[in-house]
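# Topology and contacts: notes
For reference, the chains in residue letters:
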Amino acid sequence: LLAGPLRALAQGPDHALCFDTCDLVDRGLVGGMDATLHGSATCVPETGLVCDGSDDGYADLNDAQLGGAMSFEAWARWDALHSWSRIFDFGDGPGDHNIWLGNYVDSSTIRAQANKEDGGWVGVEEVGDIALESWTHLVLTIDEAALKLFQDGELVGTADAGGSTPPLMTRANHYLCKSNWDTPYLEGAIASLRAAGLDAGWARLAASVCVRLGAFEWTRGCSLGACALRLRVVAGDARRLGARHAQ
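Residues numbered from 1 in each chain as written. Predicted model: local features only at pLDDT ≥ 70, side-chain atom pairs only at ≥ 80, totals over all residues. Heavy atoms only, no water.

Here the focus is the pairing of strand β7 (residues 70-78). Most of β7 sits out of view: nine of its nine residues are buried. Because side chains alternate across β7, one face comprises the buried residues M70, F72, A74, A76 and W78, and the other comprises S71, E73, W75 and R77, equally buried. Relative to strand β12 (residues 135-142), β7 is paired through eight bridges, and the arrangement is antiparallel. Bridged to A74 within β12 is L138. (Buried < 20%, exposed > 50% of the residue type's maximum accessible area, 1.4 Å probe, protein only. Helix = DSSP H or I, 4+ residues; strand = E, 2+ residues; numbered from the N terminus. Pairing = 2+ DSSP bridges.)

The next point concerns the state of the cysteines. Evaluation of the coordinates by the stated rule reveals one disulfide. The partner cysteine of C51 in its disulfide is C177, sulfur to sulfur 2.2 Å. Disulfide C51-C177: the torsion about the S-S bond is 80 degrees, which places it as right-handed. Note that C51 is positioned in strand β4 (residues 48-52) and C177 in the loop between β16 (173-176) and β17 (187-196), a separation of 126 residues in sequence. (Disulfide = S-S within 2.5 Å.)

By the element assignment, H15 lies in strand β1 (residues 14-18). For H15, a relative accessible area of 4% puts it in the buried group. A polar side-chain atom of H15 sits 2.7 Å from a polar atom in the side chain of D26. Residues within four places of H15 in sequence aside, it is in contact with D26, G28, V30, G31, M33, A64, Q65, L66, L193, R194 and A195. (Polar contact = N/O pair within 3.5 Å; in protein donor to acceptor, adjacent residues only side chain to side chain. Contact = heavy atoms within 4.5 Å.)

Counting through the fold element by element, R111 comes out in strand β10 (residues 110-115). For R111 and W100, which are 11 residues apart along the polypeptide, the C-alpha to C-alpha distance reads 8.3 Å. Contact partners of R111, with chain neighbours within four places excluded, come to W84, W100, L101, G102, N103, Y104, W121, V124 and E125. Polar contacts involving the side chain of R111 include one to the side chain of Q113, which spans 2.5 Å.

This paragraph deals with the confidence of the model for the protein chain. Here the protein chain averages 81 in pLDDT, and 75% of its residues register 70 or above. Below pLDDT 50 for its whole length, residues 1-11 participates in 28 contacts with residues either more than four positions away or in separate chains. Low pLDDT, under 50, characterises residues 200-219; the stretch is placed with 49 contacts to residues that sit more than four places away or in other chains. (pLDDT = per-residue confidence, 0-100.)

Take the packing of aromatic side chains next. With the rule as written, the count across this model stands at eight aromatic pairs. Where Y58 meets Y175, the ring centres are 5.5 Å apart and the plane angle is 85 degrees; that geometry is what we call edge-to-face. Placement of the pair is Y58 in strand β5 (residues 58-61) and Y175 in strand β16, with a sequence separation of 117 residues. Of the two residues, Y58 and Y175, both sit in the buried class. Cluster of aromatic residues (ring-pair linked, three or more members): W84, W100, Y104 and W181. Its end group placed over the ring of W100, R86 keeps NZ or CZ at 3.5 Å from the ring centre. The cationic tip of K178 hangs over the ring face of Y58; the distance from NZ or CZ to the ring centre is 4.3 Å. (Phe/Tyr/Trp six-rings, centres within 6.5 Å; stacked < 30°, edge-to-face > 60°. Lys NZ or Arg CZ within 6 Å of the ring centre and 35° of its normal.)

Glancing now at the nonpolar core. L49, F72, I87, F88, L101, L140 and L176 are the most contacted members of the largest nonpolar core, which totals 43 residues. No other element matches the five residues that β7 contributes to this core. Excluding its chain neighbours within four sequence positions, the residues that come into contact with L140 are M70, S71, F72, F88, I99, L101, A112, L147, K148 and L149. Counting five residues, the second largest nonpolar core, distinct from the first, contains V50, W75, W135 and A189. (Core = buried A, V, L, I, M, F, W, Y, C linked by side-chain atoms within 4.5 Å.)

Before going further, it helps to spend a moment on the sheet that holds strand β2 (residues 35-38). Strand order across the open sheet formed by seven strands is β2-β5-β16-β8-β9-β10-β11, with antiparallel pairing between neighbours. Looking at the sheet topology across the chains shown, the edges are occupied by β2 and β11 (121-127). For this sheet, the mean inter-axis angle between neighbouring strands, taken without regard to orientation, is 15 degrees. Sheet analysis places β5 next to β16, joined by two bridges and oriented antiparallel. Opposite D60, over in β16, you have Y175 as the bridge partner. (Axes fitted to C-alpha atoms, helices over the stretch in contact; angles between N-to-C directions.)

In structure tokens, the structure reads:
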């Protein structure tokens, strides 16, 4: 899904799911994290994975190794604010090797958290702004320096990671729309999800350039790849734009 020189920046895990085309197969460079729908979860073409908030309406991804310095990227939509509902939650149970992103309690703000290899955790909470029934682009980056959350190309939260990242390991649960804790399920939709060992600065650049060039509608879905291809066609000078936004 990444084009040209951007492909060379992929390091370690690389997984991508294009729910907007109802493709449940992982199309990343590494692949293998195919999705299985459960309960009331459905896939709607040109929308994506749709969860109605009812119990057992979620998707589960095949197990794969995740960890280290990584970026997680999603196009998502909340249709209601259920307490602690998740876009994704990867882990071995509650408080056990979790990496997750969802809304903070039942508010219109976001929380993201990761358990680290040193036994601690790092997270941001009450950041960003959720507009119900509106798509938003989210990029979560984690490295030894910091956990950062970007929403629609803007940095909305950062936390000191204290020199440790999530351990590289295969977790038991890779949930979309569902928590590893006993909390309500997501009522909303996910158009795409990407988990990759990418350079954090590149993820910031990609999120910023895509949104600031008005790419919202046509990049929703597997957006980083689509944006890279589109920039080459319509901008003709992606390197200059990228350098400007990376500063």
